[in-house]
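One-letter residues, chain by chain:
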Amino acid sequence: MTTTTPEYPMARAAGCPFDPPPELRELQQETPLTRVRLWDGSTPWLVTRYADQRAVLTDPRVSADMTHPTYPRQAAGGGTLSFIGMDDPEHARLRRMVGSAFAVKKVAAMRPMVQRIVDDALDEFLGGPKPADLVEGFALPVPSLVICKLLDVPYTDHGFFQDNSRTMINRDSTPEQRAEASGNLGRYLGALIASKMDDPGDDLLSRLCERIKAEELSIEQATAMAVLLLIAGHETTANMIALSTLLLLRNPDQLKLLREADDPAVASRTVEEMLRYLNITHGGRRRVALEDLEVAGQLIRKGEGLVLPNEIANRDADAFPDPDRLDITREARHHVAFGFGVHQCLGQPLARLELEVVYRTLYRRAPDLALATDFESIPFKHDGFVYGVYELPVTW
């Protein structure tokens, strides 16, 4: 039984880069609601069970407002990350302005475009020298190209926004470095938005310009939304592509099942199981209590913070039998990798589509894909709020 206040975040065990920290498992089993100590000395409540997390994320007495004085921040500095750091009704108002672009039917219509991007990227990657880095040669370009198409951001500038977004999500970045990177992206996207005010196109940034002209949105708000979409649109999916490929290479029976399946539903289930199993967003979702409430039998006082690490909720045996077994045939769509409730990830339909196309294409076109280095030599992103690998040397 844990009797001291543990530090959060917790380190993964050596040799287990795909699994949550063992301390989280211990807490989930023995003390599912406990205090943890953050970087600034604050001690919010850590919520580790799946059912408790879903209850908190749908409780109207709990706030996602990052400007709240006792909100348990992940790091010093940084803004509100646009509407995801706000509560309703302002959260809902701003979210609706971009929500239609990520509607399920709208995203489904993007499948041919995403397939072309994946095919073209593989043509270049597989036609080049080997061994090669899957991260730089394929996993990063695919989602970057997709989000650039959606926003009409020049892909030629991908190095600039990837470098700055990497700084913003690095746990070791100083507040000054994070602010500089945010400012760089803000100025870049602000200039693009300004250029589209007089010369709009058929893209998401141009639709934000319409909202600005209608005085429903300020240029600053539109820029913050664009920064959020640009970062979220490539960082998370890129890391999922590389990390899930590594996991499948370590589980050849699952890879064979996926590669040889004729039923497209197998790829869809693989997406959900990978999202459940890998959980690449680290640091836990953060909330603060606006009123006294009870969670798992414990009184949470008004103003106390809550941290909800989805990586351990998605390994809860009460929600997912035999949770530490990778099984691409399981029904895992009820995971909380995208959150739950009104703040669940806006771009999840697009992320699912990109991953499904990649899973149905990459391993068939490169049936003999293999690691080109020792597993122990692969550099994992233990220093980031988004987990993955810095590089993945492969051959075929």
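See above for the structure.
Keep in mind that what you see is a predicted model, and the values were worked out from it rather than measured. (Residues numbered from 1 in each chain as written. Predicted model: local features only at pLDDT ≥ 70, side-chain atom pairs only at ≥ 80, totals over all residues. Heavy atoms only, no water.)

1. With respect to the overall build of the protein chain
A tally of helices and strands in the protein chain yields 15 helices and 10 strands. Over its C-alpha atoms the protein chain spans a radius of gyration of 21 Å, differing by no more than 12% from the 21 Å that the globule rule assigns to 396 residues. For the protein chain, the spread of C-alpha atoms along the three principal axes comes to 60 × 55 × 40 Å. Within the protein chain, counting contacts between residues at least 6 apart in sequence, those at least 24 apart form 71% of the total. When the accessible area of the protein chain is evaluated, it comes to approximately 17000 Å², of which 52% is carbon and sulfur surface. Of note, the protein chain has its 44 positive side-chain charges centred 3 Å away from the centre of its 57 negative side-chain charges. (Helix = DSSP H or I, 4+ residues; strand = E, 2+ residues; numbered from the N terminus. Rg over C-alpha atoms; globule rule 2.2 N^0.38 Å. Contact = heavy atoms within 4.5 Å. Areas by Shrake-Rupley, 256 points an atom, 1.4 Å probe, with all protein chains shown as cover. Lys, Arg positive; Asp, Glu negative; His and termini not counted. Charge placed at Lys NZ, Arg CZ, Asp CG, Glu CD.)

2. Thoughts on the sheet that holds strand β9 (residues 370-371)
Sheet architecture is open: three strands sit in the order β4-β10-β9, paired in antiparallel fashion. Strand pairing shows two members of the sheet lacking a second neighbour, β4 (132-133) and β9, which therefore form its edges. By the bridge criterion, two bridges tie β9 to strand β10 (residues 393-395) in an arrangement that is antiparallel. Bridged to L371 within β10 is V394. (Pairing = 2+ DSSP bridges.)

3. Section: empty space enclosed by the protein
All told, the structure shown has two cavities of 30 Å³ or more when counted by the stated rule. Lining the largest cavity we find R166, I169, N170, E235, N239, K381, D383, G384, F385, V386 and Y390. A per-class count over the lining of the largest cavity returns four nonpolar, three polar and four charged. Approximately 50 Å³ is the volume found for the second largest cavity. Lining the second largest cavity are L258, A261, D262, D263, P264, V266, A267, R360 and R364. Of all the secondary-structure elements, those providing two or more residues to the lining of the second largest cavity are α13 (264-278) and α15 (348-365). No other element matches α13, which puts three residues into the lining of the second largest cavity. The residue inventory of the lining of the second largest cavity, partitioned by class, reads five nonpolar, no polar and four charged. (1 Å grid on protein atoms, 1.4 Å probe; cavity = no way out; pocket = protein on both sides within 12 Å on 5 of 7 lines; lining within 4 Å. Points joined across faces, edges and corners; volume = space filled by probe spheres on them. Nonpolar A, V, L, I, M, F, W, Y, C, P; charged D, E, K, R; others polar.)

4. Details of the nonpolar core
Judged by nonpolar contacts, the single largest core of 99 residues is most densely connected at F138, V153, L278, Y359 and V389. Beyond its immediate sequence surroundings of up to four residues, V153 is in contact with C148, F161, Y188, L189, L192 and L205. If you look at the next biggest cluster of nonpolar residues, it comprises 12 residues, including V56, L293, V295 and L306. (Core = buried A, V, L, I, M, F, W, Y, C linked by side-chain atoms within 4.5 Å. Buried < 20%, exposed > 50% of the residue type's maximum accessible area, 1.4 Å probe, protein only.)

5. Structural notes on the packing of helix α9 (residues 175-198) against helix α11 (residues 219-250)
Close contact between α9 and α11 brings their axes to 9 Å; oriented N to C, the two are set at 115 degrees. Considering their axes alone, α9 and α11 lie roughly perpendicular with respect to each other. The element α9 and its partner α11 pack so that their crossing is right-handed. Along its contact with α9, which presents L185, G186, L189, G190 and I193, the element α11 presents A222, T223, A226, V227, L230 and I231. Of the residues belonging to the contact of α9 with α11, the class tally is eight nonpolar, three polar and no charged. (Axes fitted to C-alpha atoms, helices over the stretch in contact; angles between N-to-C directions. Parallel < 35°, antiparallel > 145°, perpendicular 65-115°, else oblique. Left-handed = near helix turned anticlockwise from the far one by under 90°.)

6. Re the packing of aromatic side chains
Counted according to the given criterion, the structure contains eight aromatic pairs. Measuring from centroid to centroid gives 6.1 Å for F18 and F375, while their planes differ by 35 degrees, and the two rings are tilted. One end of the pair, F18, is in the segment before α1 (22-30); the other, F375, is in the loop between β9 and β10, with 357 residues separating them in the sequence. The exposure class assigned to F18 is buried, which follows from its relative accessible area of 10%. Seen from their ring centres, F125 and W396 are 5.1 Å apart, and the 40 degrees between their planes marks the pair as tilted. Here F125, found in helix α5 (residues 111-126), pairs with W396, found in the segment after β10; they are 271 residues apart in sequence, far enough to count as distant. By way of ring pairs, the aromatic residues F18, F375, F380 and Y387 are connected into one cluster. Positioned over the ring face of F320 is R276, at 5.3 Å from the centre of the ring. A cation over a ring is seen here: K381 above Y390, with NZ or CZ 5.4 Å from the ring centre. (Phe/Tyr/Trp six-rings, centres within 6.5 Å; stacked < 30°, edge-to-face > 60°. Lys NZ or Arg CZ within 6 Å of the ring centre and 35° of its normal.)

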